[in-house]
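Residues per chain are reported as follows:
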Amino acid sequence: MNQRYLIGIFEREEDILSATNASRLHGFVISDVYAPYAVHGLDKAIGLSPSRLPWVCFLLGLLGAALKVWFEFWTTGIDWPVNVGGKPWNSLPAFVPVTFEVMVFFAGVSTVIAFLFVSRLWPGARAPLADRGVTDNRFVLILEDTGPAFDQDRAREIFKKSNAVDIEERVETTR
Amino acid sequence: MRKVDAISIYPPPLIGGHKTPRDVTADIAAPIGRRPSALWWTGFAFSFALMCVGIAAETYQIKTGIGTWGLNKTIGWAFDITNFVFWIGIGHAGTLISAILFLLNQKWRTSVNRSAEAMTIFAVICAGIFPVIHMGRPWLAFWMLPYPNTRGSLWVNFRSPLVWDFFAIATYFTISLTFWYVGLLPDLATIRDRSRPGLKKRIVGFLSLGWNGSYKTWLRYETVYLLLAGLATPLVVSVHTIVSWDFATSIVPGWHTTIFPPYFVAGAIFSGMAMVLTLIIVARKAMNLEDYITKRHIGAMAKIIIFTSGMVGLAYATEFFIAMYSGNQYEQYVFFNRAAGPLSWAYWTMVACNVAVPQLLWFRKVRDNLALVFAISILINVGMWFERFVIIVTSLSRDYLPSSWASYSPTIIEIATFAGTFGLFFTLFLLFCRFLPVIAISEVKGVLGIGRKRGVS
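The present account deals with the structure reproduced in this document. Remember, predicted model here, so these are calculated numbers, not experimental data.

The rules behind the values
Residues numbered from 1 in each chain as written. Chains lettered and ligands numbered in written order. Predicted model: local features only at pLDDT ≥ 70, side-chain atom pairs only at ≥ 80, totals over all residues. Heavy atoms only, no water. Helix = DSSP H or I, 4+ residues; strand = E, 2+ residues; numbered from the N terminus. Buried < 20%, exposed > 50% of the residue type's maximum accessible area, 1.4 Å probe, protein only. Pairing = 2+ DSSP bridges. Contact = heavy atoms within 4.5 Å. Buried area = accessible area lost by both parts, 1.4 Å probe. Salt bridge = Lys/Arg side-chain N within 4 Å of Asp/Glu carboxyl O. Nonpolar A, V, L, I, M, F, W, Y, C, P; charged D, E, K, R; others polar.

1. What to know about the environment of Phe321(B)
Consideration 1: Along the polypeptide, Phe321(B) turns up in helix H9 (residues 295-326).
Consideration 2: Taking the C-alpha atoms as reference points, Phe321(B) and Arg338(B), 17 residues apart in sequence, are found 14 Å from one another.

2. Quick look at the pairing of strand E3 (residues 139-144) of chain A
All names here are of chain A.
Consideration 1: Where burial is concerned, most of E3 is hidden: five out of the six residues are buried.
Consideration 2: Pairing of strand E2 (residues 29-34) with E3, which is carried by five bridges, proceeds in the antiparallel orientation. Residue Val-29 lies in a different strand from E3, and its bridge partner there is Glu-144.

3. With respect to the interface of chain B and chain A
Where interface size is quoted, it is often the accessible area lost as the parts come together.
Consideration 1: Across the boundary between the two partners, chain B contributes 54 residues, which contact 65 residues of chain A.
Consideration 2: Both faces considered, chain B and chain A share a buried interface measuring about 5,100 Å² in area, 70% of it formed by carbon and sulfur atoms.
Consideration 3: Broken down residue by residue, the surface that chain B buries against chain A is led by Phe158(B), Arg159(B) and Tyr215(B), which jointly contribute 18%.
Consideration 4: Along the contact surface separating chain B from chain A lie one salt bridge.
Consideration 5: Among the ionic pairs, Asp136(A) bridges to Arg22(B), the shortest N-O distance being 3.5 Å.
Consideration 6: Of all the secondary structure elements, the ones that give two or more residues to the side of chain B that touches chain A are helix H1 (21-33), helix H5 (161-194), helix H6 (199-207), helix H7 (215-248) and helix H15 (441-447) of chain B.
Consideration 7: Tallying contributions element by element places H7(B) first for the side of chain B that touches chain A, with 18 residues.
Consideration 8: Its residues assigned to classes, the side of chain B that touches chain A shows 27 nonpolar, 18 polar and nine charged.

4. Regarding unusual backbone geometry
All names here are of chain B.
Consideration 1: The linkage connecting Gly-152 with the following residue, Ser-153, adopts the cis geometry, with an omega of -5°.
Consideration 2: Among the structural elements, Ser-153 can be located in the loop between helix H4 (113-134) and H5.
Consideration 3: Here Asn-105, not a glycine, exhibits a phi torsion of approximately 60°, which is positive.
Consideration 4: Inspection of the secondary structure assignment puts Asn-105 in the loop between helix H3 (79-103) and H4.
Consideration 5: The class for Asn-105 is exposed, based on a relative accessible area of 53%.
Consideration 6: Positive phi, close to 60°, is recorded for Leu-209, a residue that is not glycine.
Consideration 7: Tracing the backbone shows Leu-209 in the loop between H6 and H7.

Here it is, written out as structure tokens:
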């Protein structure tokens, strides 16, 4: 089946913001937006919901800390208790620094791995570019052609109103 | 009368020269595309040679043993730990700029964060060398890890600050490297799309992980960036706190004080900021980045230096006051000995460089004179090195038992090792300037609009 898209290319962040806002308000389905840098407010204009990555960070950090406290307790208090300066076997306050470091390590590394995984980024992955300038100075707005209900003239009008430098139709063949 | 073009409520622009996003890409990617200059080669040859001197010294001392150092029974820690704390401290300014200033929404950081983070990573590598060679048998360094072994298992002592330090430095290095790499992703994609097909494009393409600027990815990227900044902020405080505990948990007079963690953290940021200034004042000139790293950026960092210098100065005074007020004669003697003993020249060098000299930065004329700021930054680096030297050596050289008092002076091997770490640091930094974008391209594009909305333009 063929999926048709209408693509608008912009060169200023004000233009991509206004075009995206107007498209969403007119009920067009925004397939994606491509940008050379993070534009303040563009996520809201597209209608993206906030990322769930903070949960990964929180839960894995918690897991790392819990595992570390248990491990320190098990090694120093149970497996082979060694008397160090008469301190108690289970010297919990002395376990705080390493527990904190391991928590940060787990939380940080797992968040980045989760980010790369959900964004399908991996070493050597191919980067299909919506436009050659998308990592330089161009913004690309892609609207999905949803069939007869898709008012292409209206969409083109919105793009032109926001100073689109180029508007084109593309067809993607999906098997 | 001075002419004012327009009265505006907007702040002055962060980036000079009315740059467009396309100019930003071209300017910052330019050094990567062309052949390195003669200046670069000179610097690289010198740094590389210095690094080789260090490698030779390290090879010799590992082969012979740490009897090649000037340590003795009284002074068991001296040059190596001084250099370790010095380098770790330098690294902390990079995290301050990349994480703390990000959380505080200081947009000017975008021009300097990339190079400051690179500096952090290279400084931590230099720092890591010293504890490892001090082990005497560095091939057993993995004994620091709590792994199941045939000796029991005999576990590491989790109550020891040296083990805390190992975990702190390892985590700090990993998180700094991860943070830096995630920040590099969009810029690597920019370099990839600019380069002609060839080996470079393939390498950069491999490393850019298929970044294509999709906004769904951008949103997650921003989230990850914020999370890493949030994690790195307490991390940087914890790292130097733990470094200070290496000293403060002992009972050596002059070390056993609760002021150490904040004192060390402030000193670390102070020395690191000075090193950032040393590097970027040269880099902006050599790489034609004057529009990106303006006098405003340098001024902002100079102000952080004034602030942290004040904190360090306050800590010096507090230490003296508390020693006097404690009524503890050992504590009192250590501080008297620092200021008037055989190493008083080191103490007063430290006070002059860290407390007196930075006060010049209160004056705008001084902050705008980059040659002067550069000289001040070098002096602060010297002063902060002496701070660690004074803390470590004067406290150990004369503690409780006068019959075991001793003195210390470094051997040529120790000096060569220290010089070698500077060689390593500058070699890595020059390679970074040559092969990676020294300024965060995508972040600078995001702040171009600041100060531009003044009527026309």
